[in-house]
Amino acid sequence: MIGLFDSGLGGLSIARSVRAALPAHNLLYLADSAYCPYGPRPIDDVRTRSLVCSRWLVERGAQVIVVACNTATAAAVDLLRSELAVPVVGTEPGVKPAAAATRSGRVAVLATSSTLASERLTHLVERFGKQVQVTTVACPKLVDLVERGELTGPAALATVEHYLAPLRAAGVDTFVLGCTHFPLIAPLIVAAAGPGATIIDTGPAVARQVARVVVAGILPGAGLFRAATTGDPRVVRAAFERVWGAECKIEPAGLIADQ
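Note that this is a predicted model, so its numbers are computed, not measured. (Residues numbered from 1 in each chain as written. Predicted model: local features only at pLDDT ≥ 70, side-chain atom pairs only at ≥ 80, totals over all residues. Heavy atoms only, no water.)

Student: Could you clarify how one ought to interpret the packing of aromatic side chains in this entry?
Tutor: Pairs of aromatic rings are described using the distance from one ring centre to the other and the angle between the two planes. Scanning the entire structure with this criterion turns up two aromatic pairs. With centroids separated by 6.0 Å and ring planes inclined at 75 degrees, the aromatic side chains of Tyr 29 and Phe 240 adopt a geometry described as edge-to-face. Of this pair, Tyr 29 sits in strand β2 (residues 27-31) while Phe 240 sits in helix α11 (residues 233-244), placing them 211 residues apart in sequence. Taken as a pair, Tyr 29 and Phe 240 share a single burial class, namely buried. Between Phe 225 and Trp 244, the aromatic rings sit 4.1 Å apart at their centres with planes inclined by 15 degrees, giving stacked as the arrangement. Taken together, the positions of Phe 225 in strand β9 (residues 225-229) and Trp 244 in helix α11 put the pair 19 residues apart, joining distant regions of the chain. The exposure classification of Phe 225 matches that of Trp 244, with both residues buried. Cation over ring: Arg 49 sits above Tyr 35, and NZ or CZ is 3.6 Å from the ring centre. (Phe/Tyr/Trp six-rings, centres within 6.5 Å; stacked < 30°, edge-to-face > 60°. Helix = DSSP H or I, 4+ residues; strand = E, 2+ residues; numbered from the N terminus. Buried < 20%, exposed > 50% of the residue type's maximum accessible area, 1.4 Å probe, protein only. Lys NZ or Arg CZ within 6 Å of the ring centre and 35° of its normal.)

In structure tokens, the structure reads:
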């Protein structure tokens, strides 16, 4: 079984890509909704929650952990790899493909404030972004849209425009979706980015890495998808189903206190 976690619903974009790549494998998704969002939290809190969520998934049979959250990856992926006995796959902003794709030489990374302040992103920009101008933009209101299940409509588009219009005016032609929430509102981002813009979503690349790990020894199952939340399933369910695109039973994880 493949275990995935995120602070909330954003990691469903990664789950969607993993499901497309590995349709026969069972997935268990944990939304740490009681602690969402991770972006504004201190890094030590994010590390603690990442370890708690990962251990919960492993205890329930996960043979690989997918950190379906850029903020958690930046804060905790090295810790998880040192603490867990199963492979751990992280999620990072696609700076390298963005630098290769831009025609104007101007790239924007859209993410949470925590991801943007991380050493991992700094290293990515230093390694792959030297030949281009990289602008970073924290977009907390876009996370909120997804958590509410507000994926369409004029108000949602106006929120996206608030972040992207200045970038478009500055000549940015390539936008990196540096938070797993953002691919879930990709049509709005495409509309706000303007004609000819390139949108970089690393979800398919993460899924390919998961597939490489799975080939090394995780057998297919029945293609089941299970979901759990540390929040109240009755509160989370409506937005979860809108984001996932199907009805889904959401289990209470009972995972409120840090361990």
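Student: What should I look at first to understand the packing of helix α1 (residues 12-21) against helix α10 (residues 203-215) in this one?
Tutor: Geometrically, a packed helix pair is captured by the angle between its two axes and the distance between the axes. At their nearest, the axes of α1 and α10 sit 8 Å apart, and the two run at 50 degrees to each other. Between α1 and α10, the interaxial angle falls into the category oblique. Judged by the sense of rotation from one axis to the other, the crossing of α1 with α10 is right-handed. Mapping the contact onto sequence places Ile 14, Ser 17, Val 18 and Ala 21 in α1 and Gly 203, Pro 204, Val 206, Ala 207 and Val 210 in α10. For the contact of α1 with α10, the residue count by class is seven nonpolar, two polar and no charged. (Axes fitted to C-alpha atoms, helices over the stretch in contact; angles between N-to-C directions. Parallel < 35°, antiparallel > 145°, perpendicular 65-115°, else oblique. Left-handed = near helix turned anticlockwise from the far one by under 90°. Contact = heavy atoms within 4.5 Å. Nonpolar A, V, L, I, M, F, W, Y, C, P; charged D, E, K, R; others polar.)

Student: Please clarify how the environment of Leu 79 should be interpreted in this entry.
Tutor: Along the polypeptide, Leu 79 turns up in helix α3 (residues 70-83). The partly exposed category is assigned to Leu 79, whose relative accessible area is 28%. The spacing of Leu 79 and Val 243 is 164 residues in sequence and 30 Å in space, taken between C-alpha atoms.

Student: How should α11 be read in this particular structure?
Tutor: Every α-helix carries 3.6 residues per turn, so stepping three or four residues along brings you back to the same face. Buried residues of α11: Pro 233, Val 236, Ala 239, Phe 240, Val 243 and Trp 244, and no others. Relative to the axis of α11, the buried residues are bounded by an arc of 145 degrees and lie together on one face. Elements that come into contact with the buried residues of α11 comprise α1, β2, α7 (140-147), β9 and β10 (250-252). Put simply, Asp 232 is the residue that caps the front of α11, since its side-chain oxygen is 2.9 Å from the backbone nitrogen of Arg 234. Just beyond α11, the residue with positive phi is Gly 245, at close to 90 degrees. (Arc of directions from axis to C-beta. Polar contact = N/O pair within 3.5 Å; in protein donor to acceptor, adjacent residues only side chain to side chain.)

Student: Quick question: what am I supposed to make of the sheet that holds β10 here?
Tutor: Strands belonging to one sheet form pairs held by backbone hydrogen bonds; the direction of such a pair is parallel or antiparallel. Strand order in the open sheet formed by six strands is β4-β3-β1-β2-β9-β10, and the pairing between neighbours is parallel. Whereas interior strands pair on both sides, the edge strands pair on one side only; in this sheet they are β4 (88-89) and β10. Where helix α2 (residues 43-59) meets the sheet, its contacts fall on β1 (2-6), β2, β3 (64-67) and β9, and the angle it forms with β1 comes to roughly 155 degrees. α11 contacts β2, β9 and β10 of the sheet and is inclined by roughly 150 degrees relative to β10. (Pairing = 2+ DSSP bridges.)

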